[in-house]
Structures are given as structure tokens and as C-alpha cells.
Amino acid sequence: MKRLVIDPGRLRTELVLQAAAVVEDGAGGHTENWGEVARVFAEVVPLRAESRFGVAQFLETATHRVMLRHRADVRSGMRFLKEGRALEIVTVEDADGTGRYLACLVREEGR
């Protein structure tokens, strides 16, 4: 795999990395409480936006690629917050196989 060269100046968007903690409600259900894991700087690149009709309403979804310095604790199911927007992490991969950068595919649901 070709070694990726990234200008560190491109990693300038501050994101909050969050993980969900599931709390049982005592009635057989649960709630999710999101807690901050870290603040990271990354590059966020929009990839695709789509709109589909379902349940008598339009459902908008956008996908982005988030590039950041490698962290061992980033995994799918977590999310990034960017200026109040939640970016759900779908996939996480080593960007070039060197362990220096992560490339995350994230999904943002429309409001």
C-alpha cells in the first residue's frame, strides 16, 4: 500500500469523539448517554448526500470521510460532534497501513 502523505495543516477541524454508555431503565429498556472521549483535529470531506422518501417524510443522509491521526480507541458505533452535528462512525480503517492516520466513514442524518 502506498504511504500516505498528509499535510498536517489539513487536520484543522476540531471534533469531539464520543462513546455511548447504555444505562438500563429498570423497565426492560435502556437509554444511551453519550460521553466525551477526546477532542481531536481532523479533515472532514463530504462524499455523498441523498434524500429518500419514507414514512410520509423525506429522510436526508450525508456521508463524509474523516481523516485524523491514529488513535487506538476509535471504533464504529462511536460518533464525532462537529458544531452541534452528530457524525456517526460507520467504518474505521488504517488509511495507508502505517498506523499513522485513520480514515473513518461517517454518516450524518438530516434534522
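Nothing here was measured: the structure is a model prediction, and the numbers come from that model. (Residues numbered from 1 in each chain as written. Predicted model: local features only at pLDDT ≥ 70, side-chain atom pairs only at ≥ 80, totals over all residues. Heavy atoms only, no water.)

Asks: Got a minute to help me understand the overall build of the protein chain in this structure?
Replies: Across its full length, the protein chain carries zero helices and six strands. Considered along the principal axes of its C-alpha atoms, the protein chain spans approximately 50 × 35 × 25 Å. Evaluated residue by residue, the protein chain yields a buried proportion of 31% over its 111 residues. In the protein chain, once contacts between residues fewer than 6 apart in sequence are set aside, the share between residues at least 24 apart is 52%. Entry remark: accessible area of the protein chain is about 7,200 Å², with carbon and sulfur atoms responsible for 50%. Separation between the mean location of the 17 positive side-chain charges and that of the 17 negative ones in the protein chain comes to 7 Å. (Helix = DSSP H or I, 4+ residues; strand = E, 2+ residues; numbered from the N terminus. Buried < 20%, exposed > 50% of the residue type's maximum accessible area, 1.4 Å probe, protein only. Contact = heavy atoms within 4.5 Å. Areas by Shrake-Rupley, 256 points an atom, 1.4 Å probe, with all protein chains shown as cover. Lys, Arg positive; Asp, Glu negative; His and termini not counted. Charge placed at Lys NZ, Arg CZ, Asp CG, Glu CD.)

Asks: Explanation requested: the sheet that holds strand E4 (residues 79–82) in the structure shown.
Replies: Picture the strands of a sheet paired through backbone hydrogen bonds; they go either parallel or antiparallel. Strand order in the closed barrel formed by six strands is E1-E2-E3-E6-E5-E4, with antiparallel pairing between adjacent strands. Each neighbouring strand pair of the sheet contributes to a mean axis angle of 45°, computed without reference to strand direction. Bridging between E4 and strand E5 (residues 85–94) involves four bridges; their strand directions are antiparallel. Across the sheet, the residue bridging to Phe80 is Leu87, located in E5. (Pairing = 2+ DSSP bridges. Axes fitted to C-alpha atoms, helices over the stretch in contact; angles between N-to-C directions.)

Asks: I keep staring at the confidence of the model for the protein chain and nothing clicks. Help me out?
Replies: Low pLDDT means the predicted coordinates in that region are not meant to be read closely. Scored by pLDDT, the protein chain comes out at a mean of 90, with 98% of its residues at no less than 70. E4 holds the highest mean pLDDT among the elements of the protein chain, 96, whereas strand E3 (residues 57–69) holds the lowest, 90. (pLDDT = per-residue confidence, 0-100.)

Asks: Where do I start with the pattern of salt bridges in this structure?
Replies: Two side chains of opposite charge can pair, provided their charged atoms sit close to one another. Taken as a whole, this structure holds nine salt bridges when the rule is applied. Measuring nitrogen to oxygen at the nearest pair gives 2.9 Å for the salt bridge that ties Arg10 to Glu43. Residue Arg10 is found in the segment before strand E1 (13–24), and its partner Glu43 is found in strand E2 (residues 30–54); the two are separated by 33 residues along the sequence. By relative accessible area, which is 33% here, Arg10 ends up partly exposed. (Salt bridge = Lys/Arg side-chain N within 4 Å of Asp/Glu carboxyl O.)

Asks: Help me understand a nonpolar patch on the surface, please; the structure alone is not making it clear to me.
Replies: Together, Leu47, Val90 and Leu105 line one region of the surface with nonpolar side chains, adding up to about 210 Å² of accessible area. Positionally, Leu105 belongs in strand E6 (residues 101–109). Look at Leu105 and you get partly exposed, because its relative accessible area is 32%. (Patch = residues over 30% accessible without salt bridge, like charges linked within 9 Å, V, L, I, M, F, W, Y side chains within 5 Å.)

Asks: It is not clear to me how the side chain of Gln18 should be interpreted in this structure. Could you clarify?
Replies: One can find Gln18 in strand E1. Classification of Gln18 by relative accessible area gives buried; the value is 9%. A distance of 2.7 Å separates polar atoms of two side chains, one belonging to Gln18 and the other to Arg79. Not counting the four nearest positions on each side in its chain, Gln18 is found in contact with Trp34, Gly35, Glu36, Val37, Met78, Arg79 and Leu81. (Polar contact = N/O pair within 3.5 Å; in protein donor to acceptor, adjacent residues only side chain to side chain.)

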